[in-house]
Amino acid sequence: MENVITIDGPAGAGKSTVSKALAARLQYVYLDTGALYRALAYKALKHNINVNSSAELAELCSTTDVTLKNIDGKITVYVDGNDVGDKIRTEEVGLAASTISAFPVVREKLLSLQREAGAGGGGIVAEGRDMGSVVFPDAQFKFFLDANIEERIRRRRTELIQKNGPGGLDSVSRDMQARDHQDSQRKTAPLTVSPNTIIIDSTSLDISQVVEIILERVSSRHA
Ligand code: DC
């Protein structure tokens, strides 16, 4: 698929920051697919839905309207007509998103939305866990962004301190390990390196170095 760049990888590897910067540099739209799972998880938590019950999640999926709108190049998620905004950016919602994302009914609901976002041909950077393996297997460029777990925990802690101050850091390590396990061991669309994917280990790289590595790859294959 022309003009489709996928970036997969575990939580805390820097995917969002890198993808945003890359999309801005290439003037592509940016699709954060984790936001879709987070948005559904947020609604589930708010309505006391059991995130481990496939029957309750099936009901949630059939009664929830999820839409995507392109606002200034950033694709924004709307749930039942409302922009979910930053409320979905907590560790609690991230972990619940990871839990519900293992259920096929949830993945099926969100699959066509993601593909439609990439169908325009105008260029997209799509970030998540199964972008290169399931959603856009024929993407022009596929990357897997990794970093060791200690570094990913350190980055997530720094991010949380910047947002909320020093509280609530105890669970970061536990939550990250739980997410790694859930996201890579699930049966449906697990986190995996799909064929024709370039792996980048960002453990000792900063964001701009990763962006430059990706841009070099993209421009050398375009040339
Ligand atoms: O990227 P993120 O941390 O915002 O994603 C939250 C959770 O959503 C992640 O732990 C697993 C799930 N997810 C997924 O299963 N597939 C994707 N393409 C993106 C996210």
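Residues numbered from 1 in each chain as written. Predicted model: local features only at pLDDT ≥ 70, side-chain atom pairs only at ≥ 80, totals over all residues. Heavy atoms only, no water.

The next subject is the pairing of strand β1 (residues 4-8). Within β1, five of the five residues are buried, leaving the element largely enclosed by the surrounding structure. Alternating residues of β1 divide into Val4, Thr6 and Asp8 and Ile5 and Ile7, and every residue in both groups is buried. In the sheet, β1 pairs with strand β6 (residues 124-128) via five bridges, with the strands oriented parallel. In the sheet register, Ile5 faces β6, and the bridge partner there is Val125. (Buried < 20%, exposed > 50% of the residue type's maximum accessible area, 1.4 Å probe, protein only. Helix = DSSP H or I, 4+ residues; strand = E, 2+ residues; numbered from the N terminus. Pairing = 2+ DSSP bridges.)

A separate point is the site of the ligand. Inspection of the region around the ligand gives 15 residues, with Arg38, Arg107, Asp130, Arg179 and Asp183 positioned closest. Notes on the ligand: free accessible area 450 Å², of which the protein chains cover 97%. Going through the elements one at a time, α2 (34-46), α4 (91-100) and α8 (172-185) are the ones with two or more residues in the shell around the ligand. Partitioning the shell around the ligand into residue classes produces three nonpolar, five polar and seven charged. (Near = heavy atom within 4 Å. Areas by Shrake-Rupley, 256 points an atom, 1.4 Å probe, with all protein chains shown as cover. Nonpolar A, V, L, I, M, F, W, Y, C, P; charged D, E, K, R; others polar.)

What follows deals with helix α5 (residues 104-118). If you check α5, its first and last C-alpha atoms are 21 Å apart, about what 15 residues at 1.5 Å a residue would give, namely 21 Å. Its axis deflected by about 30° at Leu110, α5 carries its strongest bend there. Every buried residue belonging to α5 is among Val106, Arg107, Leu110, Leu113, Gln114 and Gly118, and all of these are buried. (Expected span 1.5 Å × (residues − 1). Bend = angle between axes of the 7 residues up to and from the residue.)

This part covers the side chain of Asp183. Note on placement: Asp183 falls in helix α8. The class of Asp183 is buried, set by a relative accessible area of 5%. Apart from the residues within four sequence positions on either side, Asp183 is in contact with Ser98, Ser101, Arg129, Pro190 and Leu191. (Contact = heavy atoms within 4.5 Å.)

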